[in-house]
Amino acid sequence: MSQPPPSTGFSAAQLRQIAVITTVALAVFLFFRFIPTGTNLNHMDFRVSGKNSVDYCDPANPQFIPVIAARSPVKMTLKTEGTPKRGEELRVTLTLVTAGGKPIAPEDLLVMHGKKLHLLITDPTLTEYQHVHPEPTRRPGEWAFLFTPRLGGTYRFFADFTPAATARSLYANADLVVEGVRLTLGYLEGESPVGIVTAWTAEQGGYRFTLDPASLPVRARQAADLKFSVKKIDGGVVPLEPVMEAYAHLVAFDAKRSGFAHLHPMETDLSLRPDATLPTLSFKITIPEAGRYVIWAQVNLAGSEVFVPFLFDVVP
Ligand SMILES: [Cu+2]
């Protein structure tokens, strides 16, 4: 006995219609799935298990970030063609990968302060500071930059970036040994260094730069309010222009280079120009440990970038 085939309840025309709709929907899905709109990484790629992970980002209350002690979910490596030598320009290839080994490419990072990747570079004596922006190469996860070390020693590179998957600042670090004369670490242990004024003022290129804490001494674990100002020594207008979307950037390092703090002015509206003859900007920082620190200020004066160091002590 044969039974009639079970009926689907659809006519042949309806089945054809369903097939067409399904095909179109699938095509639309595949189109959006494979066009390169954004990152292929997700927040799990940037997760660090356990305590002490790098996750400090309250822009209203910037902290000193202990990058070395904290476990970053990102691994950074540096490669050069020849031996790095003092005074010679180097082409450095930087590789950024997640803990799981996935490359971190430009589409995986957000633009912050005009760039996707910021590198803060300093020598062991904190006498030299450079801020560079590596550019992506054709290889995913590989970035390149030019760098001329002015001194010898083991340079430390701190990367500052924001994954699109988490929208939170993240950090990584790597070292590079540079051949050549090394300075002594004397000033970090209390002596006055060559070329650095152990004070809250510094003079350079006809300008006087002042970093003025609301109260002294600066104490560990207490938020410090700092006023940064620039004055032309002969008097007159200070041609202060924005650099990386701020009128000044301050970067603090400790003597051991265990990490850094990257500070931006409270005055975030660039259309409100600071005072013409005495531009003054407010900063806030909390430093967790006592010790000797250097704050480098980076400003743009009439189109040229100027870096000014301030050396100071933080008491317990
Ligand atoms: Cu900055």
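Bear in mind that the values here come from a model prediction, so they are computed numbers and not experimental data. (Residues numbered from 1 in each chain as written. Predicted model: local features only at pLDDT ≥ 70, side-chain atom pairs only at ≥ 80, totals over all residues. Heavy atoms only, no water.)

Asks: Got a sec to walk through the overall build of the protein chain? Specific residues and values, please.
Replies: For the protein chain, the helix and strand inventory stands at one helix and 18 strands. When each of the 316 residues of the protein chain is scored for burial, the buried share is 41%. Contacts in the protein chain between residues at least 24 apart in sequence constitute 66% of all its contacts with a sequence separation of at least 6. Entry remark: accessible area of the protein chain is about 16900 Å², with carbon and sulfur atoms responsible for 55%. (Helix = DSSP H or I, 4+ residues; strand = E, 2+ residues; numbered from the N terminus. Buried < 20%, exposed > 50% of the residue type's maximum accessible area, 1.4 Å probe, protein only. Contact = heavy atoms within 4.5 Å. Areas by Shrake-Rupley, 256 points an atom, 1.4 Å probe, with all protein chains shown as cover.)

Asks: So what's going on with the coordination of the copper ion? Which residues, and what values?
Replies: For the copper ion, every protein donor is listed as His-249 (ND1), His-262 (NE2) and His-264 (NE2), and the spread of their distances is 1.9 to 2.1 Å. Spacing between the donor residues of the copper ion along their common chain follows H-x12-H-x1-H. What makes His-262 buried here is its relative accessible area of 14%. Overall, His-264 belongs to the partly exposed group, its relative accessible area being 24%. (Donors = N, O, S within 2.8 Å, 3.2 Å for Na, K, Ca; no water.)

Asks: Now, about the confidence of the model for the protein chain: what can you tell me, with residues and values included?
Replies: Should pLDDT be low for a region, the predicted coordinates there are not to be read in detail. Across the protein chain, pLDDT averages 85, with 85% of residues at or above 70. The least confident element of the protein chain is helix H1 (residues 12–34), whose mean pLDDT is 80; the most confident is strand E5 (residues 135–136), at 97. Here residues 50–56 scores under 50 on pLDDT; set against residues more than four positions off or in separate chains, the count is 17 contacts. Contacts of residues 190–197 to residues separated by more than four positions or lying in other chains number 14 contacts, the stretch itself having pLDDT below 50. (pLDDT = per-residue confidence, 0-100.)

Asks: An account of the nonpolar core is needed here, citing residue identities and associated values.
Replies: Residues Phe-209 and Phe-228 are the most contacted members of the largest nonpolar core, which totals 34 residues. Counting residues per element, the ones that place at least two in this core are strand E10 (207–213), strand E12 (224–232), strand E14 (249–254), strand E15 (260–263), strand E16 (280–285), strand E17 (291–301) and strand E18 (304–315). Leave out the neighbours within four places in its chain, and Phe-228 touches Phe-209, Thr-210, Leu-211, Ala-248, Leu-250, Pro-279, Thr-280, Leu-281, Phe-283, Ala-297, Val-299 and Phe-310. Of all hydrophobic cores here, the second largest spans 28 residues; its members include Leu-94, Leu-119, Phe-157 and Ala-159. (Core = buried A, V, L, I, M, F, W, Y, C linked by side-chain atoms within 4.5 Å.)

Asks: Describe the packing of aromatic side chains, with residues and values.
Replies: Under the criterion given, the structure shown has 15 aromatic pairs. When the centroid spacing of 5.4 Å and the interplanar angle of 80° are considered together, the rings of Tyr-171 and Phe-260 count as edge-to-face. Taken together, the residues span a long stretch of sequence, with Tyr-171 in strand E8 (residues 170–178) and Phe-260 in strand E15 at a distance of 89 residues. Using a relative accessible area of 5% as the deciding quantity, one classes Tyr-171 as buried. Chaining the aromatic ring pairs together yields one cluster made of Tyr-129, Phe-158, Tyr-171, Phe-253, Phe-260, Trp-296 and Phe-307. (Phe/Tyr/Trp six-rings, centres within 6.5 Å; stacked < 30°, edge-to-face > 60°.)

Asks: Run through the environment of Val-132, naming residues and quoting values.
Replies: Its place among the elements puts Val-132 in strand E4 (residues 129–132). Assessed through its relative accessible area of 13%, Val-132 is described here as buried. In this structure, the C-alpha to C-alpha distance between Val-132 and Leu-119, residues 13 residues apart in sequence, is 5.2 Å. Beyond its immediate stretch of four places on either side in the chain, Val-132 contacts Leu-117, His-118, Leu-119, Ile-121, Phe-145 and Leu-146.

Asks: I'd love a proper account of unusual backbone geometry, names of residues and values included.
Replies: Omega for the bond connecting Leu-216 with Pro-217 falls within 30 degrees of zero, at -5°, which places this linkage in the cis form. Note on placement: Pro-217 falls in the loop between E10 and strand E11 (218–219). Within the chain, Ala-302 stands out as a residue other than glycine whose phi angle is a positive 50°. Ala-302 sits in the exposed class, given a relative accessible area of 58%.

Asks: Could you give an account of the sheet that holds E16, with specific residues and numbers?
Replies: Pairing between the strands of a sheet is mediated by backbone hydrogen bonds and can be parallel or antiparallel. In space, the four strands of this open sheet follow the order E9-E10-E12-E16, with antiparallel pairing throughout. The outermost strands of the open sheet, each flanked by one partner alone, are strand E9 (201–204) and E16. Between one strand axis and the next, the sheet turns through 20° on average, direction left out of account. Note: E12 against E16, six bridges, orientation antiparallel. Looking at E16, one finds that Ala-224 is bridged to Ile-285. (Pairing = 2+ DSSP bridges. Axes fitted to C-alpha atoms, helices over the stretch in contact; angles between N-to-C directions.)

Asks: An account of a nonpolar patch on the surface is requested, with residue identities and associated values reported.
Replies: There is a patch of nonpolar side chains on the surface, built from Phe-10, Leu-15 and Ile-18 and spanning about 260 Å² of accessible area. Under the relative-accessibility criterion, Leu-15 is labelled partly exposed at 42%. (Patch = residues over 30% accessible without salt bridge, like charges linked within 9 Å, V, L, I, M, F, W, Y side chains within 5 Å. Salt bridge = Lys/Arg side-chain N within 4 Å of Asp/Glu carboxyl O.)

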